[in-house]
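What follows is each chain in one-letter form.
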Amino acid sequence: MRRRPDRKDALIEAGLTLASELSLPMVLQRIVDLAAQVADARYGALGVIGEGGELVEFITTGLPAKQRRAIGPLPRGRGILGMLIREPRSIRIENIGEHPKSVGFPPHHPPMRSFLGAPVKAMGKVYGNIYLTEKRSAPKFSQEDEESLVILATQAGVAIANAMLYAQTHQRERWLDALRGITGNILAGSDANSLLAAIAEHARDLAGADSATILTTSANPGMLVVAAAVGAQAEQVLGQSVPAGKSISGEVMESGQPLVTEAAAAHRAGYQPILRLGRVGPAIFVPLRVSGRATGTLMVANLTGGRLFNRETVRLVETFADQASVAIQYARAQTDLRRLELMEERERIAKELHDGIIQSLFAVGMNLQSTALMSGSPETSARVERAVEELDRVIGDLRNYIFGLRPGILADRQLNQALEALGEEISSTSHIPIAVEVDGALSAILSSQSHEIVQVTREALSNITRHSRAKHAAVRLSRRGTEAILTIEDDGVGFDTSGPSSGNGLRNMRERAVAMGGTLRTTSAKDKGTKLSLKFPVRR
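If you're wondering where the values come from, they're calculated on a predicted model, not measured in any experiment.

## Structural notes on the sheet that holds strand 1 (residues 41–49)
Reasoning step 1: Within the open sheet, the five strands sit side by side as 2-1-5-4-3. Their pairing is antiparallel. The strands lining the two open edges of the sheet, one partner per strand, are strand 2 (55–61) and strand 3 (91–93). Mean inter-strand twist for the sheet, computed between neighbouring axes without regard to direction, equals 20 degrees.
Reasoning step 2: Here strand 3 pairs with strand 4 (residues 115–122) via three bridges, running antiparallel. Across the sheet, I93 pairs through a bridge with F115, a residue of strand 4.

## A look at the sheet that holds strand 13 (residues 473–480)
Reasoning step 1: Pairing in this open sheet of five strands is mixed, and the strands run 12-13-14-16-15 from one edge to the other. Of all the strands in the sheet, the pair left with one neighbour each is strand 12 (434–438) and strand 15 (519–524). Ignoring strand direction, the axes of neighbouring strands in this sheet form an average angle of 15 degrees.
Reasoning step 2: Against the sheet, helix 12 (residues 415–430) contacts strand 12 and strand 13, and its axis sits at roughly 175 degrees relative to strand 12.

## With respect to the side chain of T133
Reasoning step 1: Following the sequence through the fold, T133 ends up in strand 5 (residues 125–135).
Reasoning step 2: Those residues in contact with T133 that lie beyond four places of it in its chain are A41, R42, Y43, I96, M112, S114, F115 and F141.

## Quick word on the side chain of K135
Reasoning step 1: Mapping K135 onto the fold places it in strand 5.
Reasoning step 2: A polar contact of 3.1 Å, which involves the side chain of K135, links it to the backbone oxygen of A39.
Reasoning step 3: In terms of polar contacts, K135 uses its side chain to reach the side chain of D145, at 2.8 Å.
Reasoning step 4: In this view, K135 contacts A39, D40, S114, K140, F141 and D145; residues no more than four positions away in its chain are not counted.

## Regarding the packing of aromatic side chains
Reasoning step 1: This model, assessed by the stated rule, comprises two aromatic pairs.
Reasoning step 2: Grouping aromatic residues by their ring pairs yields a cluster made of F58, F115 and Y131.

## Here's the deal with the environment of T60
Reasoning step 1: One can find T60 in strand 2.
Reasoning step 2: When the C-alpha atoms of T60 and D33 are compared, they prove to be 8.2 Å apart, with 27 residues separating the residues in sequence.
Reasoning step 3: In contact with T60, not counting residues within four places along its chain, are Q29, V32, G44, A45 and R68.
Reasoning step 4: In this structure the side chain of T60 is engaged in a polar contact, spanning 3.3 Å, whose partner is the side chain of R68.

Rules used throughout
Residues numbered from 1 in each chain as written. Predicted model: local features only at pLDDT ≥ 70, side-chain atom pairs only at ≥ 80, totals over all residues. Heavy atoms only, no water. Pairing = 2+ DSSP bridges. Helix = DSSP H or I, 4+ residues; strand = E, 2+ residues; numbered from the N terminus. Axes fitted to C-alpha atoms, helices over the stretch in contact; angles between N-to-C directions. Contact = heavy atoms within 4.5 Å. Polar contact = N/O pair within 3.5 Å; in protein donor to acceptor, adjacent residues only side chain to side chain. Phe/Tyr/Trp six-rings, centres within 6.5 Å; stacked < 30°, edge-to-face > 60°.

Shown next, in the form of structure tokens:
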């Protein structure tokens, strides 16, 4: 028969073993295993106490994994377990079932009689309790067992404190690495989507979560969009829309305060379609602020039934989100700067085209017309006039290109003025009368979308001048409820909207319509003209 090691030797060995381990999960499991070994217990557990006084983790030994799963969720910390939480001191019980505080066992739980428990103190507070049951070699635990467990609990407290300090240091290193990674993405010129995905991935890693998503405002008023998603169910939720007024993210953006929930799907403000799709359980929602305004939320979450997040993790995610918001703001400023540089370059090219090439073409046209007047040959004059007409068409196309290159034309014009100027310019080169009717009040509201509206109109009018053989055309911008409607129509020959003639022009306009959060509809019939209607939400 193998002799059990001396108890003092076992405690010394246990202390050395615990001191050699810095991984907190490993420390907790070793504490339970060593406690059961020292006290010769069949079953052991370490209950970690959360900030609300309830058990948030329950590490066991002696219990098969299958039986543990069959027992179900964590104990609630009632009965004898609760007594030890409320009164953190060692306790021995000969028969659990006969104790007045006993509340019985759940289904599939093994029978237990003898009990021994002791608190574990770490970093100046009670971290949890060690529970031992079913003394193997005797009907009950002895006084010596209790004293040994108290010593082991003291050693465990030191080991847990060391492991927690190591974990905090390691977590700070990961936090700094995450910020360095995001900074590197910005300096490398990463686009907004890549940056948001990197932020979500770092947040998920820092929190040890199953998934992370970032929701931001979208082109549709009152709607948010999942702009980044990593981890579990990422592909299912990425790009999905969420109503701001009926979601946790919308509530967090409005309040500007983080929100922590043990079960997001059960929260009163949860938008169920997305939460079910992402199988979201315990979750942390933190606002992302740009220029002092919440423009999105960062959510880190575990799957339904997963581990709860403690207050330290919440603080870490919140701090990281604040730093990430600065990064997002800086990235947007860099994007605006690059856009401004591009606009200045386009403005320069447009000026060169207007002041150089168009003026040169005008001069060539004037010389050709003079030649035609001096020519004595009607055939030569006709050919010269056709060449002049071709130059006029080229000049008209160049003016359209210049208008596309120079969105700065809107800088000193309201949207209605820009549309009227566009109509006059194209009408003068195409000789097609173009009527322009614009709701002045609406055009002022749509100033942030002026460029897209003008570009769609320019593309549509350009198509009319090239293909329609129309005698008249019209541009109308009006409002219907929360929608703006831009209509461009002509009385030309029409075309088959499903045929190859729909080409790049219509495709470009449809892409712009989608970017504006709207829809583009084209109706046309042979010899009855064409009507293009763009509907999009009015954004203030």
